[in-house]
Amino acid sequence: MNFIGEAKKIKDFIVNYRRIVHQYPEISGREFRTSEFVAETLKEIGVDEVYEGFGRTIGVVGIIKGKGDKTVALRADMDALPVKEETGKSYASKVEGVMHACGHDAHVAMVLGAAKLLVNIKNQLKGNVKLIFQPCEERQDCRGAKRLIDAGVLKNPDVNVIFGIHVNPELETGKVATCTGPVLASSDVFSVKIFGKGTHASKPHKGIDTVLIASQVVNTLHHIVSRRVDPLDPVVLTIGTIKGGEAENIIPEVVELKGTVRTLNEKIRKEIPIWIEEALKGITTAYGGKYEFNYQEGTPPLINDEKTALFTIEEIVKLLGRENFVYLKKPSMGGEDFAEYLKFVPGVYLRLGTGNREKGTTFPLHSPKFDIDEDALPVGTAVLSYLAFRWLEKNG
Ligand SMILES: [Zn+2]
Ligand SMILES: [Zn+2]
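Residues numbered from 1 in each chain as written. Chains lettered and ligands numbered in written order. Predicted model: local features only at pLDDT ≥ 70, side-chain atom pairs only at ≥ 80, totals over all residues. Heavy atoms only, no water.

In the annotation of an unreviewed UniProt entry, the protein is listed under the name Amidohydrolase and assigned to Desulfurobacterium atlanticum.

Here you go:
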């Protein structure tokens, strides 16, 4: 089958799916209308099994049953962002203050498109295709991927390999990029409370100055990256908030700091909170203060499986031509919970170019002016369905 040709034939369907989802965006954890639309569309397309509200989540899972035991999963995230859309397009968000500014509407549409193509060639599939529509990618606290995994999304039938795709306005329309190894960083958060002794600003010796301790803490935590981590291992440690004090003439009792840690390396990721705590202990003890430290692991680093990535690159070059494949030379320090699936099954995360200067689709992700070049949609659909088909052909 000519996957590109077939995907182009159903372009109107894919664009329509995208625009329906785009007009009614829902923030993380509230994707009720979207999941209902997805489930109905999967049934309409003729997908063999459709599970709405999968394992008591808002996720939807569809299964196309081919001939064979192996299973390929395709994943789309469904959530939007609390952003007020400013594209002025006819299909702009109809929900005040909520917008698909990260292109997850396109991900839903492309996986639905892939389902439509794959159902038509079901008798040629050497195994099953599981379509995973996941809520809650954008917010760390609701952990969409992890909840679906806990609910058994990678089991019954057991998933052997998984593919995910994300639109990218920095990449020209129709180009597809990926690489072997790390693609995105882990994303953890931490908070620190420093307790001292409040007093009059003119008598610092009567108190314990939490502001001074906090300033030492900020300094020292940044030295973790520059002095304890191998310079060839990228780590970002950023303190985003610092709060304490009410007046210029009072030394406050408490100062609170919040920050994030990003890394591509699981081993370093485990060491960072230990190093932070060592610094906190040393500094607060030196000044006679106390601390409270809370470190929360978010998504792990996203690491493409070597073998699957090599297969993917070879197949994409066959499908789109060498000129349309871009090898990602550098990972990004952003995070993505697709990494949770890759902890359990091999897989690959792809980027799809949707940037077109003339059409005004080069605004960054999460911008109120973000939009995609819809000509990229059939390309994404073709890539996903072709990879599923070819992987089963080779491994099923
Ligand atoms: Zn996003
Ligand atoms: Zn996104």
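**A closer look at helix α4 (residues 104-120)**
Here α4 spans 25 Å end to end across 17 residues, near enough to the 24 Å set by a 1.5 Å rise per residue. For α4, the buried fraction is high: 15 of the 17 residues fall into the buried class. (Helix = DSSP H or I, 4+ residues; strand = E, 2+ residues; numbered from the N terminus. Expected span 1.5 Å × (residues − 1). Buried < 20%, exposed > 50% of the residue type's maximum accessible area, 1.4 Å probe, protein only.)

**Overview of the sheet that holds strand β5 (residues 161-172)**
Taken in spatial order, the eight strands make up an open sheet running β1-β2-β4-β3-β5-β16-β6-β15, and their pairing is mixed. Bordering the open sheet on either side are β1 (49-52) and β15 (325-327), each of which pairs with just one other strand. Between one strand axis and the next, the sheet turns through 25 degrees on average, direction left out of account. Both β1 and strand β2 (residues 60-64) contribute to a ladder of four bridges, which runs antiparallel. Across the sheet, residue E52 finds its bridge partner in β2, namely V60. Against the sheet, helix α3 (residues 32-45) engages β1, β2 and β4 (128-134), with an angle of about 170 degrees to β1. (Pairing = 2+ DSSP bridges. Axes fitted to C-alpha atoms, helices over the stretch in contact; angles between N-to-C directions. Contact = heavy atoms within 4.5 Å.)

**Focus on the packing of aromatic side chains**
Taken as a whole and judged by the stated rule, the model has ten aromatic pairs. Ring centres 6.5 Å apart and planes at 5 degrees place the aromatic pair F190 and Y295 in the stacked group. Of this pair, F190 sits in strand β8 (residues 187-195) while Y295 sits in strand β13 (residues 290-299), placing them 105 residues apart in sequence. Given a relative accessible area of 18%, Y295 falls into the buried group. Aromatic rings pair up to connect F3, Y386 and F389 into one cluster. Stacked on the ring of Y24, the Lys or Arg R33 has its end atom at 3.7 Å from the ring centre. The ring of F13 is capped by K116, whose NZ or CZ atom sits 3.9 Å from the centre of that ring. (Phe/Tyr/Trp six-rings, centres within 6.5 Å; stacked < 30°, edge-to-face > 60°. Lys NZ or Arg CZ within 6 Å of the ring centre and 35° of its normal.)

**Details of helix α8 (residues 306-320)**
In a regular helix each residue adds 1.5 Å, so 15 residues correspond to 21 Å; α8 covers 21 Å between its end C-alpha atoms and thus fits that length. Looking only at α8, the buried set comprises T308, A309, F311, T312, I313, E315, I316, V317, L319 and L320.

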